[in-house]
Amino acid sequence: MKRVITIQHPQSEQHVNRMIGSWGNWDLTENGIAQAHNIGKRLFTEIGNDKYSIYSSDLLRAKHTAAIISSYLNTDPIYDNRLREFNLGKAVGQSKEWAKNNLYCPVWTDTIDWADTADGQVFFGAESRREVWRRVSHFVDTVVAQSCDNFILVSHSGTLSVLFAIWLGMDLESLDLCTFWGKSGGVSFLREDTDGHRIISRLSDMSYIK
């Protein structure tokens, strides 16, 4: 049985300064650092000496999270740009208020970066959901599926929503109608049983940051 733990990085600077996250190189806040330590301590008590390979987005807020968590699990993280958040193109470095006023395509209600179709380009130069799907699928197929290891994956909200759909064997177009919302610091548990069934047993558990 293969086990995968995903971690949405905890509070980072763009959560408090009202800026776009995306490929901006924001670090964790002091609160986010404390939350990452709490996640690491809790995971250590739960998985003990079980071997997990840790992969992380190479954006600073995820890298910092992975470095803290890996210090409790006695392993070194591997940084992979396929786990990055959506590239929002021209919106990178801009405020969320700017983003609301410069959308290129329709988005879901109460969002500023989740296009209503797989090929929607939210801002000039932004990745579509299809493009993110391709890079995350490639990561799952070439890293996760081809290894006997258990994995901890540190990533971002939009990217993890795509990863969960891929894990369950959903079609890309399904995310035009439904999605998986997580919260900063949420920990999710995925597994594949001996018959190849893929399961999400817990989604965005927020108790780990406390």
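Placed above this text is the structure.
Residues numbered from 1 in each chain as written. Predicted model: local features only at pLDDT ≥ 70, side-chain atom pairs only at ≥ 80, totals over all residues. Heavy atoms only, no water.

*Asks:* How should I be thinking about unusual backbone geometry in this particular structure?
*Replies:* Trans is the prevailing form of peptide bonds, just as negative phi is the prevailing case for residues other than glycine. In this structure, S22 is a non-glycine residue whose phi angle is positive, near 45°. For S22, the location among the structural elements is in the loop between α1 (13-17) and α2 (30-47). A positive phi angle, near 70°, is found at D110, a position not held by glycine. Among the secondary structure elements, D110 is positioned in the loop between α4 (96-100) and α5 (129-144). According to the relative accessible area criterion, D110 is exposed, its value standing at 80%. (Helix = DSSP H or I, 4+ residues; strand = E, 2+ residues; numbered from the N terminus. Buried < 20%, exposed > 50% of the residue type's maximum accessible area, 1.4 Å probe, protein only.)

*Asks:* For this particular structure, what's the right way to read the packing of α2 against helix α3 (residues 60-73)?
*Replies:* Two measures define how a pair of helices packs: the angle their axes make with one another and the distance between the axes. α3 packs onto α2 with a crossing angle of 35° between their chain directions and a minimal axis gap of 8 Å. Considering only the axes of α2 and α3, their crossing is right-handed. On α3, the residues that touch I33, A36, H37, I39, G40, K41, L43, F44 and I47 of α2 are H64, T65, I68, I69, Y72 and L73. Classifying every residue of the contact of α2 with α3 by side-chain character gives 10 nonpolar, 4 polar and 1 charged. (Axes fitted to C-alpha atoms, helices over the stretch in contact; angles between N-to-C directions. Left-handed = near helix turned anticlockwise from the far one by under 90°. Contact = heavy atoms within 4.5 Å. Nonpolar A, V, L, I, M, F, W, Y, C, P; charged D, E, K, R; others polar.)

*Asks:* Looking at this structure, I do not really get helix α6 (residues 157-167). What am I missing?
*Replies:* Since there are 3.6 residues in each turn of an α-helix, residues three or four apart along the chain are aligned in direction. For α6, a buried count of 10 out of 11 residues is recorded, marking the element as mostly surrounded by other parts of the structure. G158, T159, L160, S161, V162, L163, F164, A165, I166 and W167 are the residues of α6 that are buried. The elements touched by buried residues of α6 are β1 (2-8), α5, β4 (150-155), β5 (187-192) and β6 (198-205).

*Asks:* Just to check I follow, could you spell out the pairing of β1 for this structure?
*Replies:* For a regular strand, the rule is simple: side chains alternate between the two faces of the sheet. For β1, the tally of buried residues reaches 6 of 7 residues, placing the bulk of the element in the interior. Pairing between β1 and β4: 5 bridges, direction parallel. Note that in β4 the partner of T6 across the bridge is L153. (Pairing = 2+ DSSP bridges.)

*Asks:* In this structure, what is going on with the sheet that holds strand β3 (residues 78-79)? I would like to understand it.
*Replies:* Note on sheets: strands pair through backbone hydrogen bonds, and any given pair is parallel or antiparallel. Taken together, 6 strands build an open sheet; the order of strands is β3-β2-β4-β1-β5-β6 and the sheet is mixed. Only two strands of the sheet have a single neighbouring strand rather than two, namely β3 and β6. Pairing between strand β2 (residues 52-56) and β4: 5 bridges, direction parallel. Its bridge partner being in β4, Y52 is matched across the sheet by N150.

*Asks:* How should I be thinking about α3 in this particular structure?
*Replies:* Its 14 residues place the ends of α3 20 Å apart at the C-alpha level, agreeing with the 20 Å of an ideal helix rising 1.5 Å per residue. Every buried residue of α3 is accounted for by R61, A62, T65, A66, I68, I69, S70 and L73. Against the buried residues of α3 lie β1, α1, α2, β2, β3 and β4. Looking one or two places after α3, you find N74, whose phi comes out positive at around 55°. (Expected span 1.5 Å × (residues − 1).)

*Asks:* What exactly am I supposed to notice about the packing of aromatic side chains here?
*Replies:* A ring pair, where both rings are aromatic, is described by two values, the distance of the centres and the angle of the planes. Taken as a whole and assessed by the stated rule, the structure comprises 10 aromatic pairs. Grouping aromatic residues by their ring pairs yields a cluster made of F86, W108, W114 and W181. Here the guanidinium or amino end of R42 rests over the ring plane of Y208, the centre of that ring lying 4.0 Å away. Of note, R198 hangs over the ring of W167, and the distance from its end group to the ring centre comes to 4.3 Å. (Phe/Tyr/Trp six-rings, centres within 6.5 Å; stacked < 30°, edge-to-face > 60°. Lys NZ or Arg CZ within 6 Å of the ring centre and 35° of its normal.)

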